[in-house]
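Report on the structure
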Amino acid sequence: LATDEAAGADLAVAIESGLLRALSGDEETWVDVAVVIVRDLATGGEAMATSAGVQFPTAAVGEWAEAGAEGTVGEVLSENTGCDKHDPHAALTCARFPRAALLEQAVRVASATLYRSRVA
């Protein structure tokens, strides 16, 4: 973080999302989860949290994999349903949990954990 944009910043936030595969008997289930790391730039302290997971349709994940795993499963869902390719979470949760809200909550949890470690 040695850029002009970082000058004066107190915290850095890193976010990476991915699909987790879970097996339930013979059934395959896919859950999209984001991992968030918040770093205090003054102390170097870090805290991590995850977003709530959203189940993605197994058929869409399979279609994406069979097509060579190029792009995202969100793009496959968008082509199939017309949802926002950057936010299939909203469509999959009846607009109750858009991607931004899930990420915001994870950032807030990591930030609170970081703050807690500073005062403990």
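This text goes with the structure placed above it.
Now for a quick tour of the structure. Just so it is clear, the structure is predicted and the values come from calculations on it, not from any experiment.

What counts, and where the lines are drawn
- Residues numbered from 1 in each chain as written.
- Predicted model: local features only at pLDDT ≥ 70, side-chain atom pairs only at ≥ 80, totals over all residues.
- Heavy atoms only, no water.
- Pairing = 2+ DSSP bridges.
- Helix = DSSP H or I, 4+ residues; strand = E, 2+ residues; numbered from the N terminus.
- Buried < 20%, exposed > 50% of the residue type's maximum accessible area, 1.4 Å probe, protein only.
- Salt bridge = Lys/Arg side-chain N within 4 Å of Asp/Glu carboxyl O.

To continue, consider the pairing of strand β2 (residues 27-40). When strand β1 (residues 11-24) meets β2, the two strands line up antiparallel, connected through 14 bridges. By the bridge assignment, Ser24 is partnered in β2 with Glu27. If you look at the hairpin formed by β1 and β2, you'll find two residues sitting between the two strands, and Gly25 has a positive phi there, around 65 degrees. Looking at chain direction, β2 and strand β4 (residues 54-56) are connected through three bridges and run antiparallel. Paired with Val31 across the strands is Gln55, a residue of β4. Strand direction decides the pairing type here: β2 and strand β3 (residues 46-50), joined by five bridges, are antiparallel. Bridging from a neighbouring strand, Val35 pairs with Thr50 of β3. The hairpin formed by β2 and β3 contains five residues between the paired strands, and Gly44 there has a positive phi angle of roughly 80 degrees.

Here we take up unusual backbone geometry. Its identity as a non-glycine residue notwithstanding, Cys94 has a phi of 55 degrees, on the positive side. When you line up the elements, Cys94 lands in the loop between α3 (88-92) and α4 (99-119). For Cys94, a relative accessible area of 61% puts it in the exposed group. Even without being glycine, Ala95 reaches a positive phi, approximately 70 degrees.

A few words on the pattern of salt bridges. Under the definition given, this model contains three salt bridges. Glu46 serves as the salt-bridge partner of Arg39, at 3.2 Å between the closest nitrogen and oxygen. Owing to a relative accessible area of 38%, Arg39 belongs among the partly exposed residues under this scheme. The exposure class assigned to Glu46 is partly exposed, which follows from its relative accessible area of 48%.

Purely geometric numbers; function is a separate question.
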